[in-house]
Amino acid sequence: MKLREIAHSRAGDKGNLVNVSVIAYREDDYPLLVERVTEERVTELFREHITKPVVRYCVPNVFALNFVLHRPHGESVTRSLRLDAHGKSLSSFMLTLEI
Amino acid sequence: MKSVRIGAGAGFAGDRIEPAVQLVEFGRLDFLVFECLAERTIALSQLRKRTDPDAGYDPLLVDRMTAVLPACRRNGTRVIANMGAANPRAAARKTIEVARKLGLSGLRIAWIEGDDVLHLAKEFRPFEDQPLPELGKYISANAYLGADTVAEALELRADVVLTGRVADPSLFLGAFVHAFGWDLTSWDTLGQGIVVGHLLECAGQLSGGYFADPEYKDVPDLDRIGFPLAEVAEDASAVLTKAEDSGGVINVQTCREQLLYEVFNPSAYVTPDVTANFTGVHFEQEGPNRMRVSGGKGSTRPGDYKISIGVDDGFMAEGQISYAGPGALARAELARNVLEKRLGWVCISEVRFDILGVNAVLNAPRDWPAPYEVRLRAAGHFKNETDAKRLVREVESLYLNGPAGGCGIASSVRENIAIAPAVLAREASTPTFCVEEA
């Protein structure tokens, strides 16, 4: 099963940092997110986009995880040559993680 | 118990205008806030101000003010907007003109200056581990001012407050501080106030925008989503809602997504007014499109202003060409190969090639079937305009000199401004306030 089946996600950027939230549709699924959507697995998923391991914050009050991604120097919305200079599509990519 | 009704009139410079009008007409608002400054917007405005000292404010200022001011006057709604951009004084003058044209005599327009700290560049210090850009390349430098400045401008009995750079959620917090007389060291109250401002600052992103994903997250009437408003109580708890009969949705999912939007450490969201803590925030559905939010907390504010520096970054060029039908991908790859060889000597800075439909946004999995049509994209940074135009010409030359069936070329060259952060001691700059009547 893909993460998309149990969680939704939103990406935001500031400079070369991007945050990608992972929020459980059902509050009961939050422990599963904590168990399966680990820093190691998310770092592996995003390896082409980041320069160091992702950092995960648990936000149980809203049944969510928040990941911080460091993009390479120059990969910010005002400098990136990518079509998706913001990194907005990274939320959709996050939801492809196998659970 | 006293409460304040506050609406979000825009979440970016080019945002829709009619949802703001709808909010003022039906929202019974005390305040309407326009957030129109993205990271780079103020640097672009600064460039316009250099060629015309009366320019440099938001290009949609007149349109927005003309659309909302009559209803604001009728309903007693006060406007807070960072549409001053690089020139709040000129924005205020222009707004006075608009008000007079609309017959709104006596309307009080205030403006805040002091966020422009370019002249203090030598006092800037690095933000975290990020190096300061070369001094000679600065185009603009603006401090993120706080809610205290907005509140102070409102104390002048202003109907409209125009600012340059103010931290986005602080535009909202300033209204609360003014209306409730909150102490500027009541960290928990300020923290919850920032939660409300943060949820509202991107306007439609709380009420169904940047959210719809058919069959997973459906949004009714996405073509006419209503912008959000908050009914805020004196303890900063609030109910988030939108105009009746507007499209979109405000529910627990939209609220949770927006709470974490552009947030890194949820227990330390740094603003000029307070370091807000989102880890106790609680949402509760009170009715259709009515969400109660409470539980935000906070601790002491930083001693420095954060600065956003606009930096001259040369030129950026982009060109695209499509290939369709059998063998489309192979032809696009051949065209990329041609461009790589021909641009090799000119691209001293940086160049990037993508194939839209295959790997431009996300890499397609290896076993993904070949698409029926694709679009090759070349984009690069260049030190000068001549080299930038060379990329465009090389893409255009693919019509006659490239693989079979190349079509639909589009291209552009623009001056680029990059943004870099810094910090500056708070005492170094003191904001100033003025008010005039229409």
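Everything numeric here is computed off the predicted structure, so don't read it as measured data.

### Focus on the overall build of chain B
- If you tally the helices and strands in chain B, you get 11 helices and 19 strands.
- Its C-alpha atoms give chain B a radius of gyration of 24 Å, near enough to 22 Å, the size a compact globule of 438 residues would have.
- Projected onto its principal axes, the C-alpha coordinates of chain B cover approximately 70 × 50 × 45 Å.
- By the burial criterion, 51% of the 438 residues in chain B qualify as buried.
- Here the analysis covers contacts within chain B between residues at least 6 apart in sequence; of these, 76% occur between residues at least 24 apart.

### Notes on the interface of chain B and chain A
- Each side of the interface is counted separately: chain B has 37 residues, and chain A has 27 residues.
- Broken down by secondary-structure element, the contributors of at least two residues to the side of chain B that touches chain A are helix 8 (252-259), strand 16 (350-356), strand 17 (373-382) and strand 18 (407-425) of chain B.
- Partitioning the side of chain B that touches chain A into residue classes produces 18 nonpolar, eight polar and 11 charged.

### Observations concerning the sheet that holds strand 1 (residues 7-14) of chain A
Residues and elements named next belong to chain A.
- Taken in spatial order, the four strands of this open sheet run 1-2-4-3, and their pairing is antiparallel. With partners counted over all chains shown, the strands left at the sheet margins are strand 1 and strand 3 (55-59), one partner each. In this sheet, neighbouring strand axes are inclined to one another by 20° on average, regardless of whether the strands run parallel or antiparallel.
- Where strand 2 (residues 17-24) lies against strand 4 (residues 64-70), seven bridges are found, and the strand directions are antiparallel. Bridge pairing in strand 4 links Val18 to Leu69.

### With respect to the pairing of strand 4 (residues 108-113) of chain B
Residue and element names in this part refer to chain B.
- Here strand 4 lies mainly inside the structure; five of its six residues are buried.
- For strand 4 and strand 19 (residues 432-437), the ladder comprises six bridges, and the chain directions are antiparallel. Paired with Glu113 across the bridge in strand 19 is Thr432.
- Where strand 4 and strand 7 (residues 160-162) come together, three bridges link them in parallel fashion. Pairing of Trp111 across the sheet is with Leu162, part of strand 7.

### As for the environment of Ala10 of chain B
All names here are of chain B.
- Tracing the sequence through the fold places Ala10 in strand 1 (residues 3-10).
- You can call Ala10 buried: it has 27 C-beta atoms within 10 Å.
- Through-space distance from the C-alpha of Ala10 to that of Glu97 is 22 Å; in sequence the pair is 87 residues apart.
- Aside from chain neighbours lying at most four places away, what touches Ala10 is Asp15, Ala20, Phe34, Glu35, Cys36 and Ala203.

### What about the packing of helix 1 (residues 18-26) of chain B against helix 3 (residues 61-75) of chain B?
Residues and elements named next belong to chain B.
- Two numbers describe how helix 1 lies on helix 3: the axes approach to 9 Å, and their chain directions differ by 5°. Classed by the angle they form, the pair helix 1 and helix 3 counts as roughly parallel. Counting all contacts with helix 1, which are made through Ala20, Val21, Val24 and Glu25, the residues of helix 3 involved are Arg64, Ala67, Val68, Ala71, Cys72 and Asn75.
- Partitioning the contact of helix 1 with helix 3 into residue classes produces seven nonpolar, one polar and two charged.

### Here we look at helix 10 (residues 385-396) of chain B
All names here are of chain B.
- Taking 1.5 Å per residue as the helical rise, helix 10 with its 12 residues ought to reach 16 Å, and the 17 Å between its terminal C-alpha atoms agrees with that figure.
- Within helix 10 the residues assigned to the buried category are Asp387, Ala388, Arg390, Leu391, Glu394 and Val395. All buried residues of helix 10 project into a common sector of 150° when viewed along the axis, lining one side. Seen from the buried face of helix 10, the exposed residues on the opposite side, beyond 90 degrees, are Thr386 and Arg393.
- Buried residues along helix 10 sit against strand 15 (304-324), helix 9 (328-343), strand 17, helix 11 (398-401) and strand 18.

### Focus on the domain arrangement of chain B
- Entries for chain B in the domain assignment read domain 1 (3-116 + 143-308 + 427-437) and domain 2 (309-417).
- On a C-alpha basis, the centres of domain 1 of chain B and domain 2 of chain B stand 39 Å from each other.

### Structural notes on the pairing of strand 12 (residues 282-287) of chain B
Residues and elements named next belong to chain B.
- Sheet topology note: the strand 12/strand 13 (residues 290-294) ladder contains five bridges and is antiparallel. Across the sheet, Phe283 pairs through a bridge with Val293, a residue of strand 13.
- Linking strand 12 to strand 13, which pair antiparallel, is a turn of two residues; within it Asn289 sits at a positive phi near 55°.

### Comments concerning the sheet that holds strand 10 (residues 269-270) of chain B
Residues and elements named next belong to chain B.
- With respect to topology, three strands assemble into an open sheet ordered 10-11-14, the strand pairing being antiparallel. Sheet topology places strand 10 and strand 14 (297-299) at the edges, where each strand pairs with a single neighbour.
- Most of the contacts of helix 7 (residues 187-200) go to strand 14, to which it runs at about 120°, and overall it touches strand 10, strand 11 (275-277) and strand 14.

### Overview of unusual backbone geometry
Residue and element names in this part refer to chain B.
- If you check the backbone angles, Ala85 has positive phi at about 45° while not being a glycine.
- Within the secondary structure layout, Ala85 lies in the loop between strand 3 (78-81) and helix 4 (88-101).
- Owing to 32 C-beta atoms within 10 Å, Ala85 belongs among the buried residues under this scheme.
- A positive phi angle is found at Asn289, which is not glycine, with a value near 55°.
- Structurally, Asn289 can be placed in the loop between strand 12 and strand 13.
- The class of Asn289 is buried, set by 21 C-beta atoms lying within 10 Å.

Conventions and cut-offs
- Residues numbered from 1 in each chain as written.
- Chains lettered and ligands numbered in written order.
- Predicted model: local features only at pLDDT ≥ 70, side-chain atom pairs only at ≥ 80, totals over all residues.
- Helix = DSSP H or I, 4+ residues; strand = E, 2+ residues; numbered from the N terminus.
- Rg over C-alpha atoms; globule rule 2.2 N^0.38 Å.
- Buried ≥ 20, exposed ≤ 12 C-beta atoms within 10 Å, placed from the backbone.
- Contact = placed C-beta atoms within 7 Å.
- Nonpolar A, V, L, I, M, F, W, Y, C, P; charged D, E, K, R; others polar.
- Pairing = 2+ DSSP bridges.
- Axes fitted to C-alpha atoms, helices over the stretch in contact; angles between N-to-C directions.
- Parallel < 35°, antiparallel > 145°, perpendicular 65-115°, else oblique.
- Expected span 1.5 Å × (residues − 1).
- Arc of directions from axis to C-beta.
- Domains from an automatic or database assignment.

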